[in-house]
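Summary of structural features
Okay, here's what each chain looks like letter by letter:
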Amino acid sequence: MIDLRSDTVTKPTQEMRAAMAAAEVGDDVYGEDPTVTALEERVAALLGKEAALFTPTGSMANVLAVGLLVAPGQEVLCEARAHIARAELGAHGAITGLTMRTWRDRRGQIDLAAIDEMLSPDLGPFFVRTAALSVENTHNFAGGAVLPLEDLRALRSYADEHAVAVHMDGARVWNAHVATGTPLEEYGAVADVVSVCLSKGLGAPVGSLLAGPADAIAEARVRRKRLGGGMRQVGVLAAAGLHALDHHLERLADDHAHARLLAEAVGVDPATVDTNIVAVDSDDALGMVARAKEHGVLIGAVGSKTVRLVTHLGVSRDDAETAAKVLASL
Ligand SMILES: *Cc1c(COP(=O)(O)O)cnc(C)c1O
């Protein structure tokens, strides 16, 4: 089976497993796991932030991140298909007690005019107060679209002007960095807090981080424990993350090339494929998923009329070419 359902399906390589086995560990709730500390410091530095916090999942990193910026009863604005809005099972409402309003952009891009129409930073005694804007880079359900740096900078200026905060869901900011050459710290500079995933294209089995100002991350550390996310000798997992940053970052360019190859085969303009995700219109998404499976290719439906192809560490050039032939024939 060639598995194009998600870049979360990667399995740790032998080298990664060796790095995990050799990791120095300690009790991270006591702040005594040197490998976790090294990973947190490394990711904070990459994003140009003071500190970072290791979390078991990206969903937890996002709940902590947005919760630092938005108090119960306040709102965050985001694009309609943002992961925080669609794919976290309502965690931000259920746990933080915030509300969301959304703008809609086919490519998941920032729409400052729409944001400006919705924004209510402090409009008196009955309007929900907008406390933060959240953006997703790359945008998962918009087909791995990159948010251009100049748009992010314009958003940052707008947010500063209106005294609201900015969260970046950077689960795949690594892909944006590799695809555009934009330094990670330039992305870090436009957001107050950034969440990143190690368990997508980077190929670690588990792990995400939240990066931001030292005082905010110290508060997030307390809240993580409250959520049950304080982990102990977790350096074995942090070691996988460090190994991934050393060995699997630049190779994301291969995934992007494979995604363009798949796009071409299924009649999607490769120029619209920024990174490792191809969103394909299909009249019958579930039928397409079933037929592809019969031919040895696993793909996912992300809507009744959209299938999604995702390339990653576990998909070689040969795999991509084989899958392209199968999907083209269907
Ligand atoms: C995968 C993903 C996350 C985090 O998901 P988890 O499964 O909780 O690790 C967050 N945001 C985006 C855009 C994602 O694709």
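Procedures and definitions
Residues numbered from 1 in each chain as written. Predicted model: local features only at pLDDT ≥ 70, side-chain atom pairs only at ≥ 80, totals over all residues. Heavy atoms only, no water. UniProt positions renumbered as here; feature names shortened; annotations may be inferred. Phe/Tyr/Trp six-rings, centres within 6.5 Å; stacked < 30°, edge-to-face > 60°. Lys NZ or Arg CZ within 6 Å of the ring centre and 35° of its normal. Pairing = 2+ DSSP bridges. Helix = DSSP H or I, 4+ residues; strand = E, 2+ residues; numbered from the N terminus. Axes fitted to C-alpha atoms, helices over the stretch in contact; angles between N-to-C directions. Near = heavy atom within 4 Å. Polar contact = N/O pair within 3.5 Å; in protein donor to acceptor, adjacent residues only side chain to side chain. Areas by Shrake-Rupley, 256 points an atom, 1.4 Å probe, with all protein chains shown as cover. Nonpolar A, V, L, I, M, F, W, Y, C, P; charged D, E, K, R; others polar. Buried < 20%, exposed > 50% of the residue type's maximum accessible area, 1.4 Å probe, protein only. Right-handed = clockwise from strand over helix to strand, strands pointing away. Contact = heavy atoms within 4.5 Å. Core = buried A, V, L, I, M, F, W, Y, C linked by side-chain atoms within 4.5 Å. Salt bridge = Lys/Arg side-chain N within 4 Å of Asp/Glu carboxyl O.

Identification of the protein chain as GntG family PLP-dependent aldolase from Nocardioides panacisoli is taken from an unreviewed UniProt entry. In its Cofactor (unreviewed entry) section, the UniProt entry covering the protein chain states "pyridoxal 5'-phosphate". A UniProt comment under Sequence similarities (unreviewed entry) is attached to the protein chain, and it reads "Belongs to the threonine aldolase family."

1. Focus on the packing of aromatic side chains
If you walk through the whole model with that rule in mind, you get one aromatic pair. The ring of Phe-141 carries the charged tip of Arg-86 above its face, separated from the ring centre by 4.9 Å.

2. Re the sheet that holds strand β7 (residues 193-197)
Taken together, the seven strands give an open sheet; going across it, the order is β2-β8-β7-β6-β5-β3-β4, and neighbouring strands pair in mixed fashion. Edge positions in the sheet fall to β2 (51-55) and β4 (99-103), since each of these pairs with one other strand and no more. For this sheet, the mean inter-axis angle between neighbouring strands, taken without regard to orientation, is 20°. In the sheet, β2 pairs with strand β8 (residues 208-212) via five bridges, with the strands oriented antiparallel. Each bridged residue has a counterpart across the sheet, and for Leu-53 the counterpart in β8 is Leu-210.

3. Quick word on the site of the ligand
Around the ligand there are 13 residues in total, and Gly-58, Ser-59, Asp-169, Arg-172 and Lys-200 lie nearest to it. Measuring from a nitrogen atom of the ligand, one finds a side-chain N or O atom of His-83 at 3.5 Å. Between the ligand and the protein, one listed contact pairs an oxygen atom with a side-chain N or O atom of Asn-140 at 3.3 Å. Protein chains bury 84% of the 380 Å² of accessible surface belonging to the ligand in isolation. Take the shell around the ligand: its biggest share by element is three residues, from helix α3 (residues 58-69). A per-class count over the shell around the ligand returns two nonpolar, six polar and five charged.

4. Points about the pairing of strand β6 (residues 165-170)
On a regular strand, one side chain projects to one face of the sheet and the next to the other, so that they alternate. In terms of residue burial, β6 counts as a mostly covered element, since six of its six residues are buried. Where burial is concerned, the two faces of β6 agree: the one with Ala-165, His-167 and Asp-169 and the one with Val-166, Met-168 and Gly-170 are both buried. In terms of strand pairing, strand β5 (residues 130-136) meets β6 through five bridges, oriented parallel. Residue Val-135 lies in a different strand from β6, and its bridge partner there is Met-168. For the segment spanning β5, helix α7 (residues 149-161) and β6, crossover handedness is right-handed. When β6 meets β7, the two strands line up parallel, connected through four bridges. Following the sheet pairing, His-167 is matched in β7 by Val-193.

5. Quick word on the side chain of Glu-79
Tracing the backbone through its elements, the reader meets Glu-79 in strand β3 (residues 75-79). At 2.8 Å, the side chain of Glu-79 and the backbone nitrogen of Asp-105 are in polar contact. Within polar-contact distance, the side chain of Glu-79 engages the side chain of His-139 at 2.9 Å. Residues within four places of Glu-79 in sequence aside, it is in contact with Ala-85, Thr-102, Trp-103, Arg-104, Asp-105, Gly-108, Gln-109, Ser-134 and His-139.

6. Quick look at the nonpolar core
Membership of the largest hydrophobic core comes to 52 residues, with the highest contact counts inside it found for Leu-39, Phe-54, Leu-133, Met-168 and Trp-174. Looking at which element gives the most residues to this core, the answer is helix α11 (residues 235-247), with six residues. Ignoring any residue separated from it by four or fewer positions in sequence, one finds Leu-133 in contact with Val-76, Leu-77, Ile-115, Leu-119, Leu-155, Tyr-158, Ala-159, Val-164, Ala-165, Val-166 and His-167. Ala-263, Ala-285, Met-288 and Ala-320 belong to the second-largest nonpolar core, a separate cluster that totals 24 residues.

7. What to know about helix α13 (residues 285-294)
Those residues of α13 lying buried are Ala-285, Gly-287, Met-288, Val-289 and Ala-292. In this structure, the buried residues of α13 make contact with β10 (297-298), β11 (300-303), β12 (306-310) and α14 (317-329). Within two residues after α13, Gly-296 carries a phi angle of roughly 85°, on the positive side.

8. Examining the pattern of salt bridges
Pairing is possible between side chains of opposite charge, provided their charged atoms come close. This model, assessed by the stated rule, comprises 15 salt bridges. Taking the shortest distance from any N to any O, the salt bridge between Arg-224 and Asp-28 comes out at 3.6 Å. Remark: Asp-28 occurs in the loop between α1 (14-21) and α2 (34-46) and Arg-224 occurs in helix α10 (residues 214-226); sequence separation between them is 196 residues. Given the relative accessible area of 2%, Arg-224 is considered buried. Taking the shortest distance from any N to any O, the salt bridge between Glu-219 and Arg-223 comes out at 2.8 Å.

9. Section: the sheet that holds strand β9 (residues 277-281)
Ordered in space as β9-β12-β11, the three strands form an open sheet in which the pairing is antiparallel. Since the sheet does not close on itself, it has two edges, and those belong to β9 and β11, each with one partner. The average undirected angle you get between the axes of adjacent strands in this sheet is 35°. Relative to β12, β11 runs antiparallel, the two sharing three bridges. Residue pairing for β12: Ala-301 is matched across the bridge by Val-307.

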